[in-house]
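Observations on chain architecture
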Amino acid sequence: MNSLEKVLKTLQDKFGASITGHASPLPTRLFINIKAEKVREISNEVVALGGRYLVGIGHDNIARDGNIGMIHTFGFDKDNFIVHLNAAVPGSNPVMPSITPDIPGAGWSEREYQDLLGMKFEGHPKPKRLVVADDWPADIFPMRKEVPYNMVPPAAEDVAYQLDECPEGCSIIPVGPFHTALHEPEHFAVYVDGETIKGCDYRGFMTHRGIEKLCESQVSYNEVPFIAERICGICGSVHATAYSQAVEMAGGIPVPKRAEYIRSLLLEIERLHSHLLWLGVAGHLIGFDTVFMQSWRVREQIMWLSERITGNRKTYGMVIVGGVRRDITPEIGEDILKVCAKVEEEVKIIHKSITGDTALHKRTKGVGYLSKEEAVKWSLVGPVARARGIDIDVRRDHPYAAYSELQFNVPVVDTCDVWGTLVVRLLEIYESISLIRQIIAKMPKGEILTELSEEIPPLKHGISVVEAPRGESVHFVITGEENRPDRWRVRAPTYPNLQAIPAMLLNDQFADFPIIVGSIDPCFSCTDRVEVVNITSGRKRVMSKSEIEFISRGNM
Amino acid sequence: MDIVYIVVNIIIFLAFAPLFEGIVRKLTAKVQSRQGPPVIQPYYDLIKLLGKENFIVGNWVFKLAPLMSFAAILSVICFVPLGYTANFLTQYADVITIIYLLTMGGVSILLGALSSRNTFAMMGASREMVTMIMVEPVLAMTFFVGAVKVKSLGIDATIFSVMNTGYSWAVLLMMVLYLMALQAFVGKQPFDIAEAEQEILEGPFIEYSGPNYALFKYSMMLKQMFYASLFVMVFVPFLYTGVYALDIAIQLCEIALVYVVIALVGATNPRLRIDQAVKYYAVLIVLALSAVGLSVYGI
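Below is a short write-up of the structure.

Some points on empty space enclosed by the protein
Residues and elements named next belong to chain B.
- Counted under the stated rule, the structure contains four cavities of 30 Å³ or more.
- Approximately 260 Å³ is the volume attributed to the largest cavity.
- Of all the elements in the fold, those that place two or more residues in the lining of the largest cavity are α4 (95-116), α5 (119-150), α8 (169-186) and α10 (210-235).
- The element best represented in the lining of the largest cavity is α5, accounting for five residues.
- Considering only residue class, the lining of the largest cavity consists of ten nonpolar, four polar and five charged.

Quick look at the structure:
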């Protein structure tokens, strides 16, 4: 068994002089200040103790103490606590050692701050651009506080991302920026030898919108949940809940019990919807459109239910800091139970036909293989990890909302392939339905919202993890002075899972590319953190290329 | 007077092939709890495509390929003894000619894809070629089982061998094999590997648009109807009445039934990978060879 104290003591014993301070505002959170030059050794030690890399958070603190901070966070899932290694480097020369050579899951976090804060990570195996556009000037770092949120640097022509070297004897197949297997603009360069995949380079973040920057400079605490909800079209409530919980933790805001139950209810409805959606997409990606159509037909009832509960099919707009906005009436409660019964019955039929379909087994078993050790190394999350024998589920390991009072199983299989992911997600549908029933039965009476009356104290750190349907989302908040977060970092589940895609693709057939990428249920917009705007007026107009360029550069 | 049979052949195939495609789409939709497009949607599709701008991205081969493909399948149709009536062209060709002409249809898809020099088209072309090489033997064996029985490679003699000499074990085995290869012949799931929308974006046809694409589409539909009608003519010729028009009507009904099978199998299977498909075809070829062997010994 690990405990906060034990981890702290081990680190202090080993790296006494490099640990400059620590705090533990909650029994489940440990903040350790460390010297930047020892970050690699200390991180390795934390991982050796059983920590799982969550995310790195860079933040600009130059105006206060001249430093740029980099916080690496690690979750201890068996013992329910999270460790933060808080390192700082001077803003004039922000160089620190990279931890990626030992912890590959940190690769993107470090590259992100290389782009956004101008940090340098010594020893990073692939220090290429990740987030900013190819023509973005090399000396402007958008997440620094002195850069205004609406800055538009001049565009440049003929600047292109340099792809990784193609292995000898292989040819490049471009998947993207637009491809039917991807529902969002991203570019995979797949290196194939005949039909066998020998490598892959990824260039994403093509529609980066800068939500974090916007929310740190323009809006107030309780406006952020609505923007957070629009990070993803599928797990919107997850982001709103995760953000709200992070602020509540940082500011010590109590949340009424009933609100916590309603949050859990929304999260489970969202999970039901997302699992059925993914099942359909997975069917489509292997050319099995009947699965696609049938599971989306079942899913449609959940969309209608959501509309009756919240007024929206998706993007519920229910969760804000301090609670939720609408109550669940007894009539709606009955309605929910009725829909659940119907969905359960129909999912059972789909489940049965899928498990009996040998052709489907052929396309999914052994495909996208990644061993458990590799999966741990890449810090995979969600059903992708649970399909590889990693028994993690934030709802159970780091309970939030009402989950500590509810009973549920965490399905884990060890087939290490796409089939396992499919099984896990199917079984989770039943767990979600059982959770919804428990929530309706146990929901206490009372208030649903704590009004924010007092000011939230500045420079407090809050981190919250929420199990989204496709894995855990991490939100990190540093509170600020002007009634808005000073730093808000979002890490969606696709962020770690996507990093492991090249490893999953290796030596598979190109025909399996769509389903392997699809198996992590990639939400590129979650990593991009962009917004998709729908035309509501119903009037259509074809925009010229120059017009699109004009608005895409920040003008409206 | 003989020329009438050929014209009837061509008209019936051209008129009915899109209808059968429409039936497949409608049935697939029903399996998927969808409304589905109207049965005559494929006609609309063809008309729409024919009226669109013709984008040429390759050299003259790119333009020639759809015409070649369409011409090849039309020639095959001319030889077909639809309504159990051989026409005067039938005697000028044998089953080898049919196999060659069908191969030419495949080759023209290949040429079009290669001249467009698109990565996805190349990939689709190589898959198309593998499928062609592996499936063609099954078709050839189908003819040879009959040919061995009647000691002739003539089209009408071979195709009517079952009608004239009755069923044998070899024929029954071949019939099962033909059904197993049917989805590959017609390029439907689980063997729509060469087009595979989610992987290689319609493969060989990715650069085609407008009238050129319409021709390809039309020749695919004709090819599908040819394979369905071949099954009906060779393996289930027992509803022979002797009245030409009635025979054609009966055959069309039977073809529609074959399409029902195609639609149902297509709607209930995912697409296989090319390596998995090749293994499957290999088994079919070996079994088809043994069917011919059985036929040689008159079993």
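Points about the interface of chain B and chain A
- Each partner contributes residues to the interface: chain B has 24 residues there, and chain A has 29 residues.
- Where chain B abuts chain A, roughly 2,300 Å² becomes buried across the two surfaces, and 57% of that area is made up of carbon and sulfur atoms.
- If you look at where chain B meets chain A, you find zero salt bridges.
- Linking chain B with chain A are eight residue pairs in polar contact (both at pLDDT 80 or more).
- Of all the elements in the fold, those that place two or more residues in the side of chain B that touches chain A are α5, α9 (197-200) and α12 (274-296) of chain B.
- Here the side of chain B that touches chain A is composed, by residue class, of nine nonpolar, eight polar and seven charged.

Details of the pairing of strand β9 (residues 187-193) of chain A
Residues and elements named next belong to chain A.
- Of all seven residues in β9, six are buried; the element is thus mostly enclosed.
- By the bridge criterion, five bridges tie strand β8 (residues 171-175) to β9 in an arrangement that is antiparallel. Looking across to β9, one finds that S171 is bridged to V192.
- Pairing geometry for β9 and strand β10 (residues 196-203), over seven bridges, is antiparallel. Among the inter-strand pairings, A189 is bridged to a residue of β10, identified as D201.
- Connecting β9 to the next strand, β10, in antiparallel fashion are two residues, including G194 with a positive phi near 70°.

Examining the side chain of Q245 of chain A
- Considering the arrangement of structural elements, one finds Q245 of chain A in helix α7 (residues 236-251).
- Those residues within four positions of Q245 of chain A in sequence are excluded, and the remaining contacts are R263, Y400, A401, S464, V465 and V466 of chain A.

Points about helix α15 (residues 418-442) of chain A
- Compared with the 36 Å implied by 1.5 Å per residue over 25 residues, the 36 Å span of α15 of chain A between its first and last C-alpha is a close match.
- In terms of burial, α15 of chain A is a largely internal element, 19 of the 25 residues being buried.

Details of the layout of surface pockets
- Of the voids in this model, the second largest pocket is the one considered here, and its volume is about 1,000 Å³.
- In this structure, the second largest pocket is lined by 37 residues; those nearest its centre are E21, K188, Q189, D192 and E202 of chain B.
- Elements supplying a minimum of two residues to the lining of the second largest pocket: α9 (289-310) of chain A together with α1 (2-31), α9, α10 and α11 (244-267) of chain B.
- The greatest single-element share of the lining of the second largest pocket, amounting to six residues, is contributed by α10 of chain B.
- Here the residues of the lining of the second largest pocket sort into 15 nonpolar, ten polar and twelve charged.

How each quantity is defined
- Residues numbered from 1 in each chain as written.
- Chains lettered and ligands numbered in written order.
- Predicted model: local features only at pLDDT ≥ 70, side-chain atom pairs only at ≥ 80, totals over all residues.
- Heavy atoms only, no water.
- 1 Å grid on protein atoms, 1.4 Å probe; cavity = no way out; pocket = protein on both sides within 12 Å on 5 of 7 lines; lining within 4 Å.
- Points joined across faces, edges and corners; volume = space filled by probe spheres on them.
- Helix = DSSP H or I, 4+ residues; strand = E, 2+ residues; numbered from the N terminus.
- Nonpolar A, V, L, I, M, F, W, Y, C, P; charged D, E, K, R; others polar.
- Contact = heavy atoms within 4.5 Å.
- Buried area = accessible area lost by both parts, 1.4 Å probe.
- Salt bridge = Lys/Arg side-chain N within 4 Å of Asp/Glu carboxyl O.
- Polar contact = N/O pair within 3.5 Å; in protein donor to acceptor, adjacent residues only side chain to side chain.
- Buried < 20%, exposed > 50% of the residue type's maximum accessible area, 1.4 Å probe, protein only.
- Pairing = 2+ DSSP bridges.
- Expected span 1.5 Å × (residues − 1).

So far we have only geometry, and geometry alone does not tell us how the molecule works.
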